[in-house]
Amino acid sequence: MTEQSSLPETETTFASLNLADPITKALEGLGYEKPSPIQARTIPLLLEGRDVVGLAQTGTGKTAAFALPVLSNLADANQNHKSPQVLVLAPTRELALQVAEAFNSYAEHVPSVSVLPVYGGSSYGPQLAGLRRGATIVVGTPGRVIDHLERGSLDLSDLKYLVLDEADEMLRMGFAEDVDRILSSAPKEKQTALFSATMPRAIQRITGDYLNDPVQVQVEGQSKPAQNIRQRYLQVAQPWKLEAMTRLLETEDTDGIIAFVRTRNMTEELTTKLVARGFAAAAISGDIPQNIREKTVEDLRAGRIDILVATDVAARGLDVERISHVVNYDIPHDTSSYVHRIGRTGRAGRQGDAILLMTPRERYLLRSIEKATKQSVEEMQLPSLDEVNASRRAAFAENITQTIAAHDDNEELSTYRDLVTDYIAEHDIAAVDVAAALALMVQDGRPLEASEPDLPPMNQRGQRKDQHGGERSSRPKRATKEGHATYWVAVGHKDRVGPGNIVGAIANEANLDISEIGEITIRPTFSLVELPEQLSHKQQEALKNAVVGGRKLNLRLDKGAPKSFGSRGTHGGGYDPAQRGQKKKQRWSKAKKRTSYEG
Ligand code: ADP
Ligand code: MG
C-alpha cells in the first residue's frame, strides 16, 4: 500500500480540487470555506479513481471526503441506471442517516442523484420501494444490506463505488463477516474507499483482501485532546467508585455529564444506582433501541436528564453542547477511545472537564494515555464530606433564593406567607423556627448533611477496609430478600405507627402471609417495607388505599431504597437533587409533593 502520511500541508481550496460545478455550488451554500486536511488529501485521489484508506479522528470531515468526489463523478456522468452506483456501509442507523443526509445536502444541485438509507429496526416497505425506484446511492448498515442482498432487492452488479465508513467501529460491532460478504459480492471493477479513525489489524486485512492498490492517507494531530478540556484523574479503589462519583457530582460545577463505562450491563447498573441517589440519569448502549437512544440524547440536550451513562459505541460522535463533564467511570483501554470520549465535552469552543476514575492497578493505562497524547492528566483528591456538605448547604440556600425569585409576586408564595404569619401569631414562635421546621419537612427524613465517617485509609493493595477489617463492597450491607422489593408507604413516626400496625394492615388488605412481609423501617414521615416483588394489581391498589394511623398508605416502589436504608447510609438518608439548586425548580416541586404533610 502506498502511504502518504507526511505530505506538507498546502493551502488547498475547494476550487482547486476541481469538483463538478453543482457540488462546488452546494458547498458554497453550506458555507464550507475550505477542505479539511483529510478532504484536501483524499478528494484528489478519489477523483483520480484510486482506492483510498483514509485515517482521521471523528469530526474531521470524513463523510465529505468520500461523498464529494463520488457525487462529483456522478454529476458528470449521465444517470440512467436502474441499480445503485454507490454503496456506503456505516455501522449504525444514526451514522447511516447522517451520511445519507450529508449526501443529500452535497447533491442539492444534482437532481439525477437519489439517496436511500437502509438500516435495521425499520420496516422494509419504504426501503424496498426506494430500491425499486432505482436509488443511485444506498447508505446502509451491514446487516440490513445483507438482508436486501438475500431478498434480491439490492442489486450490486452495477456498483461503481463502495465506501466503508467508520470501518473500525463496524468491526468492533461485530460486522466483520457481513462486511466480508458484502465486499465479496460486489463487482471487481469498482472504486473502494475505507474511512476509519483507527487502523486495527482487521482493517489491514480487509484492505489487503479487497482494495486495489490503495493509497493510505493519515491525518495526524487529532490524537490529542483539545486544549479547552481540563483533564484530571482520581485514584479510587473499585468498591468506592460510586461514592467517588456521587461526591464529584455534588461538588463539581456541572451541567450535562456523560459517564463512560465499559459494558452495556454496567450502563444499566450505574444508572440505577445514580437514580437511586437522586440524580437524573439515563443509560444508552447498543442494547437500547435506536429511537429510545435518540430520545435519551434529546432529554440530555433539553436538560430533562443531567447524566448520560454510556458505552463508547452509543456515544460515538455525540455532540451536545451542554456537556460540561465527561467522567470516565471505567478507564478506557486505548488512547483513541479516551480522546474520543473526552471530546464529548468542550463542544463549540466551551470549556470542558474530563475526570478519570482510576483504580491503583490501572495506573499503567493512564500512563500510556499520557504518553500517547503527550499531555499530563492532573491528579485530584476525593472531595471530602465537608466539601460535599458545603455544596449541599450552598445548593439548599440557592434553592430558597430561586424559589423566592421565581414566585416573587406570585399568589402561591403569598398563600404560604399568610399561613406562616397566622401560625406565628397563634403560636408565638420565631419565624426562623418555623422556617427551620419547614426545611425539615422538605427534607422528608433525608438529612441535609452527610454524616458517614470519611473513607478509611488505603491498605497496601490500594483497597480500603471497613471498620471490621473486611473489604467493603459497593453495595449496601442490608440486601433485600430474594424476590422481595422495598416499598415506600406514607406513614411514619409522626403518625404514631409501629411496625405492628403496618404489618397487620398490609397482611389483611393485600391478603399476604405475615412471613411474606420483610423488614420494616420507620422514618419520621414515611416508612419502608419489604414485600414480594410481584404484587398483583389488586394487591397494589389495596395497599395504596389502606389506611394506617388515619393516613392512606399510598404504597409505591421505593426508588431510593439502596441509598436510604443500606446500613452505609452514605448520604445519611440520601441525596436529593433539589438540593443542588440551579435549574432544579421542577424537582423542587416534585420533592415538595412527596412530603406527606400535605394530606
Ligand atoms: P467524521 O466522519 O470525520 O467524524 P463528519 O464527516 O461527520 O466527520 O463531519 C463533521 C462535521 O464537519 C459535519 O457537521 C460536517 O458538516 C462538517 N464539515 C465537514 N467538512 C467541512 C468543511 N470542509 N468545512 C466546514 N465544515 C465541514
Ligand atoms: Mg464519519
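Residues numbered from 1 in each chain as written. Chains lettered and ligands numbered in written order. Predicted model: local features only at pLDDT ≥ 70, side-chain atom pairs only at ≥ 80, totals over all residues. Heavy atoms only, no water.

From N to C terminus, the chain includes 21 helices and 21 strands. Relative to all contacts within the chain whose residues are 6 or more apart in sequence, the contacts with residues 24 or more apart total 75%. In the structure as shown, the chain presents an accessible area of about 28200 Å², 49% of it carried by carbon and sulfur atoms. (Helix = DSSP H or I, 4+ residues; strand = E, 2+ residues; numbered from the N terminus. Contact = heavy atoms within 4.5 Å. Areas by Shrake-Rupley, 256 points an atom, 1.4 Å probe, with all protein chains shown as cover.)

Moving on to the environment of leucine 274. In this structure, leucine 274 sits in helix α11 (residues 264-276). Classification of leucine 274 by relative accessible area gives buried; the value is 0%. Residues contacting leucine 274, with those up to four places away along its chain left out, are Leu242, Met245, Thr246, Leu249, Phe279, Ala281, Ile307 and Val309. (Buried < 20%, exposed > 50% of the residue type's maximum accessible area, 1.4 Å probe, protein only.)

Here we come to helix α10 (residues 241-251). Counting buried positions along α10 gives 10 out of 11 residues, so the element sits mostly inside the fold. Within α10, burial applies to Lys241, Leu242, Glu243, Ala244, Met245, Thr246, Arg247, Leu248, Leu249 and Glu250.

Looking at the chain as a whole, its pLDDT mean stands at 83, while 85% of the residues score no less than 70. Predicted confidence is poor over residues 456-478, with pLDDT under 50, and the contacts of this stretch with residues over four places away or in other chains come to 46 contacts. In the model, residues 561-599 has pLDDT below 50 throughout and makes 109 contacts with residues more than four positions away in sequence or in other chains. (pLDDT = per-residue confidence, 0-100.)

Before going further, it helps to spend a moment on the nonpolar core. The biggest cluster of nonpolar side chains holds 43 residues, and the ones touching the most others in it are Phe66, Leu68, Phe103, Ile137 and Val139. Of the residues forming this core, the biggest block, eight residues, is contributed by helix α3 (residues 62-76). Once residues lying within four places of it in the same chain are set aside, the contact partners of phenylalanine 103 are Phe66, Ala67, Val70, Leu71, Val88, Val115, Ile137 and Val139. Counting residues in each nonpolar core, the second largest holds 29 residues, with Ile146, Leu154, Leu171 and Val179 among its members. (Core = buried A, V, L, I, M, F, W, Y, C linked by side-chain atoms within 4.5 Å.)

Covered by surrounding structure in strand β11 (residues 281-284) are Ala281 and Ala283 together with Ala282 and Ile284, the residues of both alternating faces. Between β11 and its parallel partner strand β12 (residues 307-310), the chain crosses via helix α12 (residues 290-302), and the hand of that crossover is right-handed. (Right-handed = clockwise from strand over helix to strand, strands pointing away.)

With that settled, the discussion passes to the side chain of asparagine 328. Examined against the element boundaries, asparagine 328 turns out to sit in strand β13 (residues 323-328). Taking relative accessible area as the criterion, asparagine 328 reaches 0% and is therefore assigned buried. At 2.6 Å, the side chain of asparagine 328 forms a polar contact with the side chain of arginine 341. If sequence neighbours within four positions are ignored, asparagine 328 has contacts with Phe260, Tyr338, Arg341, Ile342, Ile355, Leu356 and Leu357. (Polar contact = N/O pair within 3.5 Å; in protein donor to acceptor, adjacent residues only side chain to side chain.)

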